[in-house]
Amino acid sequence: MKTLFASILIFSAGALCAGGISDTFVVPVAGHVTGGNGVTWSTDVTVYNVTASTIVVDLAGVGPDGAVMDLAPRTVTVGPGGTVVLRDVVSRGIGALVIAGDGPFSLNTRVYSARAGGEVSSDVIPAEVFLDAESQGAFLAGLVANAKARTNIGFLAVANQSPLQIEVALLDATGVVIGARTFDVPAGSLAHVHISSRDIVPASFDGATGRVRVLSGDGVVTAYACVVDHTSGDGSFIPAAMLDSSSSTARQQHRLLLRRIAAEVLE
């Protein structure tokens, strides 16, 4: 992994994510973990090589506080036009994945649990747009915390030369902030945070929106939420929505930062 991450610092503007094809993906949440009702969730990753040449794809797992997650495998070789399915890729724990190749590829990721009647799964949409200090914020609509369902909220943050301060707030149906927490990420590091909405607002709510903002610092953030049914344990993944006002140059710089810090921290 170290060799490939070093080699991919020379970034091609043509490899920016478009139509689900890129040489770099961030999967904001992945894991092998047992949640409520004793339900164990696992993660599968499918890689399709869109090129006529063999590519090498590396996977790096970022857990809580930037800890490195155990993955199997960490590197996969995919032949021209080939498809590789990586089953239960996270050995244990929960975090985010940085998946980078030396050529463009398409990626599909799902989290799933095995039940008596078959598997229950949810697709996890890879992040394409990242927050920085100039962004207005990312929004997670349709959050619930009541007798029927609960909500988990998370983000992956990559700090560059100065620390990041990140705010996660909950807004009620009228847009009023009903609770907020701030998180600090040291300079030159990655961090994955995964918390319950109850850690922000202890009270129940039937419909709310999460708002994630970079308050200060140099770096990028991507966020997500998951609403989980108490009875079935089924989870619905909610990707972050944001107004992408950044230029193509800024988006390229975001990905360069992600790859460089991943190389330095995860080697």
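Here the structure is a predicted model, which is why all the values come from computation and not from measurement.

**Regarding the pattern of salt bridges**
As a working rule, side chains carrying opposite charge can pair if their charged atoms are close by.
Inference 1: Taken as a whole and assessed by the stated rule, the structure comprises 5 salt bridges.
Inference 2: The salt bridge partner of Asp44 is Arg110, with a shortest N-O separation of 3.3 Å. Separated by 66 residues along the polypeptide, Asp44 in strand E2 (residues 40-49) and Arg110 in strand E7 (residues 93-115) bring together distant segments of the chain. In terms of burial, Asp44 and Arg110 fall into one category: buried.
Inference 3: For Arg211, the salt bridge goes to Glu167, with nearest N and O atoms at 3.3 Å. In this pair, Arg211 sits in strand E13 (residues 205-229) while Glu167 sits in strand E10 (residues 149-171), placing the two residues 44 residues apart along the sequence. The two residues Arg211 and Glu167 agree in class, both being buried.
Inference 4: In this structure, a network of salt bridges that share partners links the residues Asp44, Arg87 and Arg110.

**Re a nonpolar patch on the surface**
Inference 1: Judged by side-chain polarity, Ile21, Tyr48 and Val50 come together as a nonpolar surface patch covering roughly 220 Å² of accessible area.
Inference 2: With respect to the helices and strands, Val50 occurs in the loop between E2 and strand E3 (55-62).

**Overview of the environment of Pro73**
Inference 1: Relative to the elements of secondary structure, Pro73 occurs in the loop between strand E4 (68-69) and strand E5 (75-78).
Inference 2: Put simply, Pro73 and Ala60 are 13 residues apart on the chain and 9.7 Å apart in space, counted from C-alpha to C-alpha.
Inference 3: If we ignore the near neighbours within four places in the chain, the residues touching Pro73 are Leu59, Leu86 and Val89.

**Quick look at the side chain of Thr43**
Inference 1: When you line up the elements, Thr43 lands in strand E2.
Inference 2: Within the structure, Thr43 has its side chain in polar contact with the backbone nitrogen of Gly31 (distance 2.8 Å).
Inference 3: Ignoring any residue separated from it by four or fewer positions in sequence, one finds Thr43 in contact with Ala30, Gly31, Leu86, Arg87, Asp88, Val89, Val90, Thr109, Arg110, Val111 and Tyr112.

**Digging into the pairing of strand E8 (residues 118-123)**
Inference 1: Here E7 pairs with E8 via 6 bridges, running antiparallel. Directly across from Val111, in E8, lies its bridge partner Ser122.
Inference 2: Where E7 folds back on E8, the antiparallel hairpin that results is connected by 2 residues.

**As for unusual backbone geometry**
Inference 1: With an omega dihedral of 0 degrees, the bond running from Ala72 to Pro73 counts as a cis peptide bond.
Inference 2: Of note, Asp88 is a non-glycine position whose phi angle comes to about 45 degrees, a positive value.
Inference 3: With respect to the helices, strands and loops of the structure, Asp88 is situated in the loop between strand E6 (83-86) and E7.
Inference 4: When its relative accessible area of 29% is taken as the criterion, Asp88 is described as partly exposed.

Parameters and conventions
Residues numbered from 1 in each chain as written. Predicted model: local features only at pLDDT ≥ 70, side-chain atom pairs only at ≥ 80, totals over all residues. Heavy atoms only, no water. Salt bridge = Lys/Arg side-chain N within 4 Å of Asp/Glu carboxyl O. Helix = DSSP H or I, 4+ residues; strand = E, 2+ residues; numbered from the N terminus. Buried < 20%, exposed > 50% of the residue type's maximum accessible area, 1.4 Å probe, protein only. Patch = residues over 30% accessible without salt bridge, like charges linked within 9 Å, V, L, I, M, F, W, Y side chains within 5 Å. Areas by Shrake-Rupley, 256 points an atom, 1.4 Å probe, with all protein chains shown as cover. Contact = heavy atoms within 4.5 Å. Polar contact = N/O pair within 3.5 Å; in protein donor to acceptor, adjacent residues only side chain to side chain. Pairing = 2+ DSSP bridges.

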